[in-house]
Amino acid sequence: MNFSDNNSNISQEEMDFAQKGIQDLSRFFDSSVIGQRRLKTSLIAAIIADGHILIESVPGLAKTTSAKAIADAVQGKFSRIQCTPDLLPSDIIGSQIYNQSNGKFETIFGPVFANFVLLDEVNRSSAKTQSAMLEAMQEKQVTIGGTSYQMPNDVFTVIATQNPIEQEGTYPLSEAQTDRFMIKEIITYPTVDEEAEILTLLEQGRREAIPPVMTIHDLDRIQAIADKVYIDNAIKQYIARIIDATRHPKERLPKDHAHYVRIGASPRASIAFLRIAKAVALMHGRSFVTPDDVKDMRHPVLRHRIGLTYAAVADNVSVETIIDELVNNIITP
């Protein structure tokens, strides 16, 4: 099927602008972080798609450095919130403080009012504190003292990191919380060569700082260009069939695997596929989406939205295995 006959209305000037910006972002990331190619792709795609990203790994794998690099590259306001069990919602969104000099309550905004908010080790905070981010992530506003305040109008991205759930001292994120993240990326240890390069650079001292590659308004424009990327109705149907398969596993999975799925993906997953596929297409220099753009992001979009039973955990069956089996049973347009 030919997907290139499109109505994206992306001019050559807009495509050139987006391509240069994406390439500059990629180079800036590489100047700050060694390795982590998959994380780079997912971060840039999620930001272009105006979505939030959840990153899971053990400590020390450059999650914070990666988030800071993206913010520095676009001259965005960056806030880092270290999540701990005693962190309060007001520590994130802000609160009202009584001013004795004028006898009035004053609103003090919290660190959530930034273009890029890093929630470091989000699953070490309590459920009440985690829920403080729901309104900000979904409606791009927070409520303090009964008054709603809008987040930055141009770019607002939450980058949350978490340790594996099985580690001590962590609180699993609720389904409602994880569903707000457009994608979830899992990163692993660097290769031997990459780790040797880290040691070499550490011995030589820090890399020479490079200037930002664009402004936050440039990124806002790239997001608007991504919205224009064309997606054919056949691919929309393809996305819908994938999501529907997660809700009816008995019809799509082998009999010995069908009982592993406890809960399927919500319509937010369909929206995430639509937006992230457009971003990936733009990153590849295309003004239209192909089925491969959807397939490439199947794990990041679905791995935190499909709930597995205890039987899957006991049998050591990963959610990625289930995702591959579901997607492979859907006819590609």
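Above this note sits the structure.
From a predicted model like this one, the values you see are computed outputs, not experimental measurements.

Help me understand the pattern of salt bridges, please; the structure alone is not making it clear to me.
If the charged atoms of two oppositely charged side chains come close together, the side chains can form a pair. On inspection of all chains with the given rule, the structure shows 19 salt bridges. Arg 221 is the partner of Glu 13 in a salt bridge, and the nearest nitrogen-oxygen pair spans 2.8 Å. Here Arg 221 lies in helix 9 (residues 216-227) and Glu 13 lies in helix 1 (residues 12-32), a separation of 208 residues in the sequence. Glu 13 gets classed as partly exposed once you look at its relative accessible area, which sits at 46%. Judged by relative accessible area, which is 31%, Arg 221 ranks as partly exposed. The partner of Arg 37 in a salt bridge is Asp 30, with the nearest N and O atoms 2.7 Å apart. Three or more residues are tied together by salt bridges with common partners; here these are Arg 38, Glu 185, Arg 303 and Glu 320.

Honestly, the packing of helix 1 against helix 9 in this entry has me stumped. Any pointers?
How two helices pack is summed up by the angle between their axes together with the distance between the axes. Interhelical geometry of helix 1 versus helix 9 gives an angle of 125° and a closest axis separation of 10 Å. With respect to helix 9, the element helix 1 is oriented oblique. Viewed along their axes, helix 1 and helix 9 form a crossing whose handedness is left-handed. Here Glu 13, Glu 14, Phe 17, Ala 18 and Gly 21 of helix 1 lie close against helix 9, whose contacting residues are Asp 218, Arg 221, Ile 222 and Ile 225. A class-by-class count of the residues in the contact of helix 1 with helix 9 yields four nonpolar, one polar and four charged.

What am I meant to see in the nonpolar core here?
Nonpolar side chains in soluble globular proteins generally cluster together in the buried interior. Counting 74 residues, the largest nonpolar core has Phe 116, Ile 276, Leu 282 and Leu 302 as its most contacted members. Every residue in contact with Ile 276, bar those within four places of it in the chain, is listed here: Ala 45, Ala 46, Ala 49, Met 182, Ile 183, Met 297 and Val 301. In terms of nonpolar packing, the next biggest core, distinct from the first, is built from 24 residues, Ile 92, Ala 132, Met 137 and Ala 160 among them.

Mind showing me how you'd approach the pairing of strand 8 (residues 157-162) here?
Note on strand geometry: in a regular strand, side chains alternate between the two faces of the sheet. For strand 8, a buried count of six out of six residues is recorded, marking the element as mostly surrounded by other parts of the structure. In strand 8, alternate side chains face the same way, and those of Thr 157, Ile 159 and Thr 161 on one face and Val 158, Ala 160 and Gln 162 on the other are all buried. Where strand 1 (residues 53-56) and strand 8 come together, four bridges link them in parallel fashion. Its bridge partner being in strand 8, Glu 56 is matched across the sheet by Gln 162. In the sheet, strand 5 (residues 116-120) pairs with strand 8 via four bridges, with the strands oriented parallel. Paired with Phe 116 across the bridge in strand 8 is Thr 157.

Any chance you could explain helix 10 (residues 233-247) here in plain terms?
Along an α-helix, residues three or four apart share an orientation, since each turn contains 3.6 residues. For helix 10, with 15 residues, the first-to-last C-alpha span of 21 Å sits near the 21 Å given by 1.5 Å per residue. Taken as a whole, helix 10 has its buried residues at Ala 234, Ile 235, Tyr 238, Ile 239, Ile 242, Ile 243, Ala 245 and Thr 246. Where helix 10 is buried, its residues contact helix 11 (249-252), strand 10 (261-263), helix 13 (267-283), helix 14 (291-296), helix 15 (298-302) and helix 17 (319-328). Structurally, the start of helix 10 carries an N-cap: the backbone nitrogen of Ala 234 is 2.9 Å from a side-chain oxygen of Asp 232.

I tried to follow the packing of aromatic side chains on my own but got confused; where do I start?
Both the distance between ring centres and the angle between the ring planes are used here to describe each pair of aromatic rings. Summed over the entire model, instances satisfying the criterion amount to three aromatic pairs. A ring pair is formed by Tyr 98 and Phe 105, whose centres lie 5.3 Å apart and whose planes are at 65°; its orientation type is edge-to-face. Tyr 98 sits in the partly exposed class, given a relative accessible area of 44%. The exposure class of Phe 105 is exposed, given its relative accessible area of 55%.

Would you explain helix 9 in this entry?
Across its 12 residues, helix 9 extends 17 Å between first and last C-alpha, which sits within 8% of the 16 Å expected from 1.5 Å per residue. Looking at helix 9, one finds that the buried residues are Ile 216, Leu 219, Ile 222, Gln 223, Ile 225 and Ala 226. Axial view of helix 9: buried residues confined to an arc of 170°, hence all on one face. In this structure, helix 9 carries His 217 and Asp 227 as exposed residues pointing more than 90 degrees from its buried face. Taken together, the buried residues of helix 9 touch helix 1, helix 2 (37-48), strand 5 and helix 13.

Hey, could you run me through the sheet that holds strand 2 (residues 78-82) in this one?
Sheet strands line up and pair through hydrogen bonds in the backbone, either parallel or antiparallel. Taken together, the five strands give an open sheet; going across it, the order is 2-5-8-1-9, and neighbouring strands pair in parallel fashion. A single partner strand is all that each edge strand has here, and the edge strands are strand 2 and strand 9 (183-186). Averaged over all pairs of adjacent strands, the angle between their axes in this sheet comes to 15°, without regard to strand direction. With four bridges joining them, strand 1 and strand 9 adopt parallel strand pairing. Residue pairing across strands places Leu 54 opposite Lys 184, the latter belonging to strand 9. Each of strand 1, strand 2, strand 5 and strand 8 touches helix 3 (residues 63-73); the most contacted strand, strand 5, lies at about 175° to it.

The rules we used
Residues numbered from 1 in each chain as written. Predicted model: local features only at pLDDT ≥ 70, side-chain atom pairs only at ≥ 80, totals over all residues. Heavy atoms only, no water. Salt bridge = Lys/Arg side-chain N within 4 Å of Asp/Glu carboxyl O. Helix = DSSP H or I, 4+ residues; strand = E, 2+ residues; numbered from the N terminus. Buried < 20%, exposed > 50% of the residue type's maximum accessible area, 1.4 Å probe, protein only. Axes fitted to C-alpha atoms, helices over the stretch in contact; angles between N-to-C directions. Parallel < 35°, antiparallel > 145°, perpendicular 65-115°, else oblique. Left-handed = near helix turned anticlockwise from the far one by under 90°. Contact = heavy atoms within 4.5 Å. Nonpolar A, V, L, I, M, F, W, Y, C, P; charged D, E, K, R; others polar. Core = buried A, V, L, I, M, F, W, Y, C linked by side-chain atoms within 4.5 Å. Pairing = 2+ DSSP bridges. Expected span 1.5 Å × (residues − 1). Polar contact = N/O pair within 3.5 Å; in protein donor to acceptor, adjacent residues only side chain to side chain. Phe/Tyr/Trp six-rings, centres within 6.5 Å; stacked < 30°, edge-to-face > 60°. Arc of directions from axis to C-beta.

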